[in-house]
Amino acid sequence: MATYVGALGFSAKAIVIFRAPMTGVQVGVVGFSDRFKDAHLPSFLKAYKELNFDIIAVSDIWKKKREDGRDWLAKQLDHPIRACMNTMSCML
């Protein structure tokens, strides 16, 4: 089961995919920007382990931004990140 929070009318720009109760909440970043790097990710990093959240994918319409986001997040989180052109391709 997957939930796309943007379709529900929330302003958060993330995809939350629930795979199984023991894996935690897997998050996909929609749009890799300076605001995300400078404000959103530092807040996320403060609590993500304790709350059992993890970023698994990044989506951006621009190929270079997608690839930069994938590489940068992989370094920050120390695991592979999937790069997706759009949110639907991340959910497959």
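Presented here is an overview of the structure given in this document.

Some details on the environment of Phe32
Then, in step 1: Inspection of the secondary structure assignment puts Phe32 in the loop between β3 (25–30) and α1 (34–51).
Then, in step 2: Residue classification places Phe32 among the buried positions, given a relative accessible area of 6%.
Then, in step 3: On a C-alpha basis, the gap between Phe32 and Trp62 in space is 9.4 Å, while along the polypeptide they are 30 residues apart.
Then, in step 4: With residues up to four places along the chain from it excluded, the contact list for Phe32 reads Lys37, Val58, Ser59, Asp60, Lys65, Asp68, Gly69 and Trp72.

A short note on the packing of aromatic side chains
Then, in step 1: Counted under the stated rule, the structure contains 3 aromatic pairs.
Then, in step 2: Plain terms: the ring middles of Phe32 and Phe36 are 6.1 Å apart, the flat faces sit at 55° to each other, and that makes the pair tilted.
Then, in step 3: Residue classification places Phe36 among the buried positions, given a relative accessible area of 8%.
Then, in step 4: Between Phe44 and Tyr48, the aromatic rings sit 5.3 Å apart at their centres with planes inclined by 15°, giving stacked as the arrangement. On the criterion of helical spacing, the pair formed by Phe44 and Tyr48 is a turn pair, its members being 4 residues apart in helix α1. Grouping residues by exposure puts Phe44 and Tyr48 together as buried.
Then, in step 5: Members of the aromatic cluster, joined through ring pairs, are Phe32, Phe36 and Trp72.
Then, in step 6: Between Lys37 and the ring centre of Trp72, over which it is positioned, the NZ or CZ distance is 5.6 Å.

Observations regarding the pattern of salt bridges
Then, in step 1: According to the stated counting rule, one finds 4 salt bridges in the structure shown.
Then, in step 2: The partner of Lys63 in a salt bridge is Glu67, and the shortest N-O contact between them spans 3.8 Å. Here the residue Lys63 and the residue Glu67 both occupy positions in helix α2 (residues 63–77), the gap between them amounting to 4 residues, near one helical turn.
Then, in step 3: Using a relative accessible area of 29% as the deciding quantity, one classes Glu67 as partly exposed.
Then, in step 4: Here Asp68 and Lys64 are joined by a salt bridge, their closest N and O atoms 3.1 Å apart. Of this pair, Asp68 and Lys64 both sit in helix α2, 4 residues apart, which is roughly one turn of that helix.

Thresholds applied
Residues numbered from 1 in each chain as written. Predicted model: local features only at pLDDT ≥ 70, side-chain atom pairs only at ≥ 80, totals over all residues. Heavy atoms only, no water. Helix = DSSP H or I, 4+ residues; strand = E, 2+ residues; numbered from the N terminus. Buried < 20%, exposed > 50% of the residue type's maximum accessible area, 1.4 Å probe, protein only. Contact = heavy atoms within 4.5 Å. Phe/Tyr/Trp six-rings, centres within 6.5 Å; stacked < 30°, edge-to-face > 60°. Lys NZ or Arg CZ within 6 Å of the ring centre and 35° of its normal. Salt bridge = Lys/Arg side-chain N within 4 Å of Asp/Glu carboxyl O.

Function cannot be inferred from these measures alone, as they are strictly geometric.
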